[in-house]
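# Summary of structural features
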Amino acid sequence: MARRQARRHGDGRWLPWLGLALLPLAVPPAAAPPADCPSACYCVATPELVQCRYERLQEPPRELPASVHNLSIAGSNLSVLRRAAFGARPLRQLRLLRLHHDNIQAIEDMALQGLPALRTLDLSHNPLLSVAAGAFGGAPLLRTLQLNQALLAAPLEEQLALALGNLSLRRLELAGNGLRALPAALLPAGLEELDLRNNSLQRLAAAELRGLEAPALRALQLSLGGNPLRCDCALRPLLAWLRGAAAGRVLDARNLRCAGPPALQGAALLRLRPEGLGCAGGEPGEPGELETASYVFFGIVLALIGVVFLMVLYLNRRGIKRWLHNLREACRDQMEGYHYRYEQDADPRRASAAGPAGL
């Protein structure tokens, strides 16, 4: 009996070890990186998501898996996106391409050739200097273009306007580019979202607002937060637009704040009244409406005074002529008197007669 109990206890000691031995058979092995994942990149679980971060690549990797959907390359030194930069192996399923902080300075014609399904392209945080007219020609389905802090190195509005001409963009991001005016040339027909946050916009002029009311842009929604809006009389058209036809078109309208003048700094724009936006503190070179009206009124008064003075001269021309004649005669008599005295003083006979009498 005692032997049987000891044997049972001895068998029980092996059970934990047996469970550990069978555990690898019960748990499926972790997914290994796909064989065609680039050596400088990391494929997350499946080759559908590829990330290449801070590998200082000089060009896009050529051994990308054909089934990749999302590709992110960050912190490299791509410098120039040449023709068919991703065409070593056609990536027909790629939908999202992020190329930020890659020191991209130039994009050549058909740089995206071989990406027929691409819908989102992120080129943010690159010092773009040149964009060819056909730079995006290889991506006919491109709908979202992100150019945040990518237009600071050079003015590229004309080049980008040509490059975007054949696209049907729905979302365009231009945040943090120091823009001082609405980039009307970069707004293709059918655009639905425009991100202009953190630029240098002080106002939107009436002409710019009329452009946003064009039939091709009536569905456009804007984001304007983080701009140094100057709340003076020049901002009245924008304020009226926000409260009228554009209600709901500026997504962050409730968060817009005044950056100047000092009396209104930090004030919520939608809480202001148009009559409260004065012009007395107009910027140098841009006088306010009140100052301009003052100059105009002063000029009109001076013109009226001049006209009255000329009319008085014309109506009294005879009297003025008579006065001038009398003045001339008086001056002549005075000059003749001086001349007579001079002749008398200069007569030698008077001088010799005065001599003996004095003796």
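The structure reproduced in this document is the subject of the present report. A quick note: this is a predicted structure, and the numbers were derived from the prediction, not measured.

### Remarks on the sheet that holds strand 3 (residues 70-74)
With respect to topology, nine strands assemble into an open sheet ordered 1-2-3-5-7-9-10-11-12, the strand pairing being mixed. With partners counted over all chains shown, the strands left at the sheet margins are strand 1 (42-43) and strand 12 (221-223), one partner each. With three bridges joining them, strand 5 (residues 96-100) and strand 7 (residues 120-122) adopt parallel strand pairing. Bridge assignment links L97 to a residue of strand 7, and that residue is L121.

### As for the side chain of N177
Among the structural elements, N177 can be located in the loop between strand 10 (171-173) and strand 11 (193-195). Among the polar contacts listed, one links the side chain of N177 to the backbone nitrogen of A150, at a separation of 2.9 Å. If sequence neighbours within four positions are ignored, N177 has contacts with L147, N148, Q149, A150, L151, L152, N198 and N199.

### Remarks on the pairing of strand 2 (residues 49-53)
Every second residue of strand 2 is oriented toward a common face, the buried set being V50 and C52 and the non-buried set L49, Q51 and R53. Sheet topology note: the strand 1/strand 2 ladder contains two bridges and is antiparallel. Residue pairing in the sheet places C43 in a bridge with V50 of strand 2. In the sheet, strand 2 pairs with strand 3 via five bridges, with the strands oriented parallel. What sits directly across from Q51, in strand 3, is S72.

### Regarding the sheet that holds strand 6 (residues 106-107)
Overall, parallel pairing links the three strands, which are arranged 4-6-8 in an open sheet. Edge positions in the sheet fall to strand 4 (80-81) and strand 8 (130-131), since each has one partner strand and no second. In terms of strand pairing, strand 6 meets strand 8 through two bridges, oriented parallel. When the bridges of strand 8 are listed, A106 appears paired with S130.

### Considering the state of the cysteines
Applying the stated criterion across every chain yields a total of three disulfides. Across the disulfide from C41 sits C52; the S-S distance is 1.8 Å. Sign of the S-S torsion, about 95° for the bond between C41 and C52, identifies this disulfide as right-handed. Placement of C41 in the loop between helix 2 (15-26) and strand 1 and of C52 in strand 2 is noted, with a sequence separation of 11 residues between them. Across the pair, exposure class does not vary: C41 and C52 are buried alike. One disulfide bridge connects C233 with C279, the sulfur atoms lying 1.8 Å from each other. Separated by 46 residues along the polypeptide, C233 in the loop between strand 13 (229-230) and helix 5 (236-243) and C279 in the loop between strand 14 (258-260) and helix 6 (289-315) bring together distant segments of the chain.

### Section: the pattern of salt bridges
Tallied over the full model, the rule gives 10 salt bridges. Residue R62 pairs with E59 through a salt bridge whose shortest N-O separation is 3.5 Å. R62 gets classed as exposed once you look at its relative accessible area, which sits at 53%. E59 sits in the partly exposed class, given a relative accessible area of 44%. Taken together, the shared-partner salt bridges connect R171, E173 and E193 into one network.

### A closer look at unusual backbone geometry
The linkage connecting G260 with the following residue, P261, adopts the cis geometry, with an omega of -5°. The topology assignment puts P261 in the loop between strand 14 and helix 6. The phi dihedral of A84 is positive, around 50°, even though this residue is not glycine. Within the secondary structure, A84 is located in the loop between strand 4 and strand 5. Of note, the phi angle at H101 is positive, near 60°, even though the residue is not glycine. Mapped onto the secondary structure, H101 falls in the loop between strand 5 and strand 6.

Scoring rules and cut-offs
Residues numbered from 1 in each chain as written. Predicted model: local features only at pLDDT ≥ 70, side-chain atom pairs only at ≥ 80, totals over all residues. Heavy atoms only, no water. Pairing = 2+ DSSP bridges. Helix = DSSP H or I, 4+ residues; strand = E, 2+ residues; numbered from the N terminus. Polar contact = N/O pair within 3.5 Å; in protein donor to acceptor, adjacent residues only side chain to side chain. Contact = heavy atoms within 4.5 Å. Buried < 20%, exposed > 50% of the residue type's maximum accessible area, 1.4 Å probe, protein only. Disulfide = S-S within 2.5 Å. Salt bridge = Lys/Arg side-chain N within 4 Å of Asp/Glu carboxyl O.

Shape descriptors only; they carry no functional weight alone.
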